[in-house]
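Secondary and tertiary structure notes
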Amino acid sequence: MRFLLIILALFSLTVKAEIVSISLPIDNTKLKPLALPGYGLAQSKCHLCHSVDYVMYQPPEMDLKEWTGEMYKMRNEYGAPISMDEAKVIAAYLSVAYGSEKETNEEIIALTKLANTKKIYNPENLDVQSLLSDNNCLTCHKDANASSIKDIGAKYEGTDNAVDRLGAAIKHGALGMPKPPINRHESEAIAKYILEESVK
Amino acid sequence: MMKMNKLRREIIKAGGYVALAAAPLTAFSKEFMKDGKMYSDGEGVSYAAGPKPVLSTFPQKDNLVIVHTRPPHLETPFNVFNEGLITPNNRFFVRYHLADVPVTIDTDKYTIAISGSVDKEITLSLAELKSIEGQQEIVAVQQCTGNSRGYSSPRVFGAQLSNGAMGNAKFKGVPLKNVLAKAGISSTATSVIIDGLDKPVRDTTPDFQKSLPIDHVMTGEPMLVWEMNGEPLPFLNGFPVKLIVPGWYATYWVKHVSHIKVIEGKFDNFDAFFMTTGYRLPDNDTKSELPNKRAKTTLPVNRFPIRSFVTSLENGDEVNVSTSIEIKGIAFDSGSGIKKVEISVDGGKEWMQAALGEDLGRFSFRGWKLSHNFSEKGRTLVMVRATGKSGETQPVNASWNHGGYNRNAIERTSIKVV
């Protein structure tokens with residue numbers, strides 16, 4: 001496909017104004033079909049943000065552990081709308097299709113079973129109490145150890161972009177707190193909850 | 001004290017580890033034809049889905065290696081660097097991070113906003129930008145932080161680049177500090193955040209924004225540019241205005257610049273991801289770490305280390321014995337300028353000094369050449385090592401970091417004398 005550069009030049013006496021447009025090639029990259037549950041998930045999720053040549057040209061020797069780390073990164077850092085379990089199931093498929101794993105490996109079989117029992121992840125409807133308990137937040141954030149939820153909220157309350165800043169602090173694990181495996185929606189849901197709690 | 005000793009041990013281990021790892025002898029991508037289509041592969045570098053296609057499917061771009069289709073990521077085939085010191089616009093590499101790429105720009109309505117810790121917030125049109133005093137032209141190397149990532153050993157995730165995520169071009173623009181002077185920077189400002197029109201597809205993905213320390217802006221080196229090799233910037237290289245930071249990795253060279261914010265505190269919000277999490281290197285002398293023992297403290301990448309390449313020979317090439325051949329190539333550093341380039345044709349035992357070519361400026365590729373007569377038949381390694389005016393030179397072995405960044409080991413080309 002040759003490029004298409006449309007220049008609609010509108011000349012005035014002093015300034016040359018122009019609208020410059022490009023057309024980008026259609027993304028027709030496709031994932032390798034495999035009879036693993038992660039294949040369908042990967043098909044529906046990866047293309048949301050990028051073509052799958054991102055996947056195809058990775059080093060061929062990466063194993064399940066390495067692909068799982070990469071999928072956690074997609075979920076938690078880049079905000080892919082998948083649960084931690086879905087990340088593992090996609091990693092199982094990718095590590096077989098493009099990495100060093102075999103479909104018959106025990107861990108891959110176990111992840112296929114997990115896929116059959118998993119809950120559907122809904123990134124728009126998060127349960128803050130489960131996020132707090134799943135990530136063991138309240139183990140430390142109670143009166144005696146780290147700051148309590150109320151204290152943290154009071155620190156940020158009324159400041160500019162409080163949800164963004166507190167959300168980023170939670171997500172990055174500020175002040176020595178371990179960085180939790182959560183994405184932006186989740187960290188900001190927790191931030192909103194904390195800010196609401198502090199004014200109660 | 002204990003901490004320092006531990007760090008030192010880690011560095012020593014890292015050095016030892018790398019020396020033991022099988023370093024690929026080759027560092028050149030090769031183009032080849034198969035079933036009427038062109039592909040690129042590097043010997044010693046394999047990809048899960050095989051060689052990558054070389055295509056002309058992107059606007060204003062011809063015969064580039066397709067690293068990723070969406071968002072666009074295109075690499076320059078290495079043989080382009082043997083054709084001249086300036087990389088042509090249609091062969092210059094392209095790298096986006098986020099897929100909401102601008103595809104239509106009205107240059108009459110295009111503006112750059114300057115906000116934050118300034119005397120007065122302003123919005124500049126293109127015409128206003130181009131009327132700011134201090135315009136200049138500069139030839140500078142633009143190089144991806146992950147250039148050559150495909151040669152990391154052990155391999156790492158990320159775009160599996162060969163050595164073509166770099167280019168050398170003549171840019172025309174104005175120092176960023178002159179632009180900021182129009183708004184008046186607060187005396188307590190610490191950093192400048194630069195944002196462009198490219199955006200993430202989802203709101204859970206961080207935007208691509210970069211920050212520069214105000215001290216570096218004040219050197220006058222970072223510039224807003226609108227011309228590349230005498231033409232408007234190619235669309236995919238940041239049309240109509242991009243930031244260049246000569247000597248610093250291309251991650252800072254923000255495309256389609258739309259907003260510059262001067263700040264006094266830390267840049268640590270969600271959209272600071274590409275400063276606070278991505279594009280960082282271990283905070284130690286060799287900027288290295290071990291695969292199973294990641295560095296605990298890291299710093300944002302900034303200037304790139306000195307590098308040099310043979311461009312006239314490719315791995316596997318055959319040359320005739322007892323015949324004078326000209327070996328040529330390029331060298332560059334982050335702005336001290338190239339002092340000397342040395343060549344070894346016996347695997348690093350003896351080094352010969354090459355003749356340096358035309359000086360296009362301290363941030364540019366510097367060409368070099370050497371005539372040599374191979375006296376013995378058989379396989380040999382041609383190695384090239386550059387030294388900058390700063391005294392900086394290249395290490396024998398590549399150090400390792402999990403991002404696959406910052407490679408500058410002495411490159412080796414395996415040839416056969418026949």
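Each chain has its residues counted from 1, following the order in which its sequence is written. Note on labels: chains are lettered from A, ligands numbered from 1, in written order. It should be noted that, the model being predicted, local features are given only for residues of pLDDT at least 70 and side-chain atom pairs only at 80 or more, the latter also being counted only at that level, while totals for whole chains, interfaces and linings use all residues. Based on all heavy atoms of the structure, the side-chain values leave hydrogens and waters out of the count.

**Observations regarding the overall build of chain B**
- In terms of regular secondary structure, chain B is built from 5 helices and 28 strands.
- Every radius of gyration here is taken over C-alpha atoms, with the globule rule written as 2.2 Å times N^0.38, N being the number of residues. Relative to a compact globule of 418 residues, whose C-alpha radius of gyration would be 22 Å, chain B shows 22 Å and is just as compact.
- C-alpha atoms of chain B, sized along the principal axes, occupy 70 × 55 × 40 Å.
- Every one of the 418 residues in chain B was classed for burial, and the buried ones make up 57%. Only DSSP runs of H or I reaching four residues or more are called helices, and only runs of E reaching two or more are called strands; each is numbered from the N terminus. When accessible area is computed with a 1.4 Å probe and restricted to protein chains, residues below 20% of their type maximum are described as buried, those above 50% as exposed, and intermediate ones as partly exposed.

**A word on the confidence of the model for chain B**
- How sure the predictor is of each residue is captured by pLDDT, a score from 0 to 100. On average, residues of chain B carry a pLDDT of 91, and 92% of them reach 70 or more.
- Across residues 1-27 of chain B, where pLDDT falls below 50, the model places 37 contacts with residues more than four positions away in sequence or in other chains. In this analysis, two residues are considered to be in contact whenever any of their non-hydrogen atoms come within 4.5 Å of each other.

**Structural notes on the sheet that holds strand S24 (residues 352-353) of chain B**
All names here are of chain B.
- A pair of strands is labelled paired if DSSP reports no fewer than 2 bridges between them. On the basis of which strands lie adjacent, the open sheet formed by 5 strands has the order S21-S28-S27-S23-S24 and mixed pairing. Strands at the two margins of the open sheet, each flanked by one partner only, are strand S21 (318-319) and S24.
- Both strand S27 (residues 378-388) and strand S28 (residues 411-417) contribute to a ladder of 7 bridges, which runs antiparallel. Residue pairing across strands places Val382 opposite Thr413, the latter belonging to S28.

**Observations concerning the packing of aromatic side chains**
- Note on aromatic pairs: the rings of Phe, Tyr and Trp (six-membered ring only in Trp) are paired at centre separations within 6.5 Å, and the planes decide the class, stacked below 30 degrees, edge-to-face beyond 60, tilted for the rest. Within the structure shown, the criterion is met by 19 aromatic pairs over all chains.
- Here A:Tyr57 and B:Tyr47 contribute two aromatic rings whose centre-to-centre distance is 6.1 Å and whose plane-to-plane angle is 80°, an arrangement assigned as edge-to-face. Of this pair, A:Tyr57 sits in the loop between helix H2 (53-56) and helix H3 (64-76) while B:Tyr47 is found in the loop between strand S2 (37-42) and strand S3 (52-55), placing the two residues in two different chains. In this pair, the class of A:Tyr57 matches that of B:Tyr47, namely buried.

**Description of the packing of helix H1 (residues 37-45) of chain A against helix H4 (residues 84-97) of chain A**
Residue and element names in this part refer to chain A.
- Their axes nearest at 8 Å, the elements H1 and H4 cross at an angle of 105°. Comparing their axes, H4 and H1 come out roughly perpendicular. Where H1 approaches H4, its residues Pro37, Gly38, Tyr39, Leu41, Ala42 and Lys45 are matched on the opposing element by Glu86, Val89, Ile90 and Tyr93.
- Polar here means any residue other than Ala, Val, Leu, Ile, Met, Phe, Trp, Tyr, Cys and Pro, which are nonpolar, and Asp, Glu, Lys and Arg, which are charged; Gly is therefore polar. Along the lines of polarity and charge, the residues of the contact of H1 with H4 split into 7 nonpolar, 1 polar and 2 charged. Axis lines are fitted through C-alpha atoms, for helices just across the contact stretch, and the angle between N-to-C directions can take any value from 0 to 180 degrees. By definition in this entry, angles of less than 35 degrees are roughly parallel, angles greater than 145 are roughly antiparallel, angles of 65 to 115 are roughly perpendicular, and the rest are oblique.

**Brief notes about H3(A)**
Residue and element names in this part refer to chain A.
- To estimate how far a helix should extend, the number of its residues minus one is multiplied by 1.5 Å. With 13 residues, H3 extends 18 Å between its outermost C-alpha atoms, agreeing within 8% with the 18 Å of an ideal straight helix rising 1.5 Å per residue.
- Of the positions making up H3, those classed as buried are Leu64, Trp67, Thr68, Glu70, Met71, Arg75 and Asn76.
- Of the surrounding elements, those touching the buried residues of H3 are H2, H4, helix H5 (106-117), helix H9 (162-172) and helix H10 (184-198).
- N-cap assignment for H3: the residue whose side-chain oxygen lies 3.2 Å from the backbone N of Lys65 is Asp63. Polar contacts here mean pairs of N or O atoms no more than 3.5 Å apart (in protein, one a potential hydrogen donor and the other a potential acceptor; neighbouring residues in sequence count only if both atoms are side-chain atoms).

**Observations regarding the side chain of B:Asn284**
Residue and element names in this part refer to chain B.
- With respect to the helices and strands, the residue Asn284 is situated in the loop between strand S18 (280-282) and strand S19 (298-300).
- Within the local environment of Asn284, its side chain forms a polar contact with the backbone nitrogen of Lys287, the two atoms lying 2.7 Å apart.
- Within polar-contact distance, the side chain of Asn284 engages the backbone oxygen of Ser288 at 2.9 Å.

**Let's talk about the pairing of strand S4 (residues 64-68) of chain B**
Residue and element names in this part refer to chain B.
- For S4, a buried count of 5 out of 5 residues is recorded, marking the element as mostly surrounded by other parts of the structure.
- Here S3 runs beside S4; their pairing, made up of 2 bridges, is antiparallel. Along S4, the bridge assignment pairs Leu55 with Leu64.
- Where S4 and strand S5 (residues 73-75) come together, 3 bridges link them in antiparallel fashion. Looking at the pairing, His68 lines up with His73 of S5.
- If you look at the hairpin formed by S4 and S5, you'll find 4 residues sitting between the two strands.

**Looking at the interface of chain B and chain A**
- Across the boundary between the two partners, chain B contributes 55 residues, which contact 47 residues of chain A.
- Buried area counts how much accessible surface, traced with a 1.4 Å probe, disappears from two parts once they are put together, with both parts' losses summed. Overall, the association of chain B and chain A removes approximately 4300 Å² of surface from exposure, summing both partners, and the carbon and sulfur fraction of that is 60%.
- It is B:Arg70, B:Phe157 and B:Phe270 in chain B that bury the most area against chain A; as a group they hold 17% of the surface buried on that side.
- What counts as a salt bridge is simple: a side-chain nitrogen of Lys or Arg found within 4 Å of a carboxyl oxygen of Asp or Glu. The tally of links from chain B across to chain A stands at 0 salt bridges.

**Description of the nonpolar core**
- Definition used in this section: a nonpolar core is a set of buried Ala, Val, Leu, Ile, Met, Phe, Trp, Tyr and Cys residues joined via side-chain atoms within 4.5 Å. B:Ile114, B:Leu129, B:Phe171, B:Leu224 and B:Ile260 are the most contacted members of the largest nonpolar core, which has 87 residues in total.
- When residues of this core are assigned to their parent elements, the largest contribution, 5 residues, is made by strand S14 (residues 223-228) of chain B.
- Here B:Leu129 is in contact with B:Ile112, B:Val174, B:Val179, B:Leu224, B:Trp226 and B:Val241, once residues within four sequence places are set aside.
- Formed by 33 residues, the second largest nonpolar core is a distinct cluster that contains A:Trp67, A:Ala80, A:Tyr93 and A:Val96.

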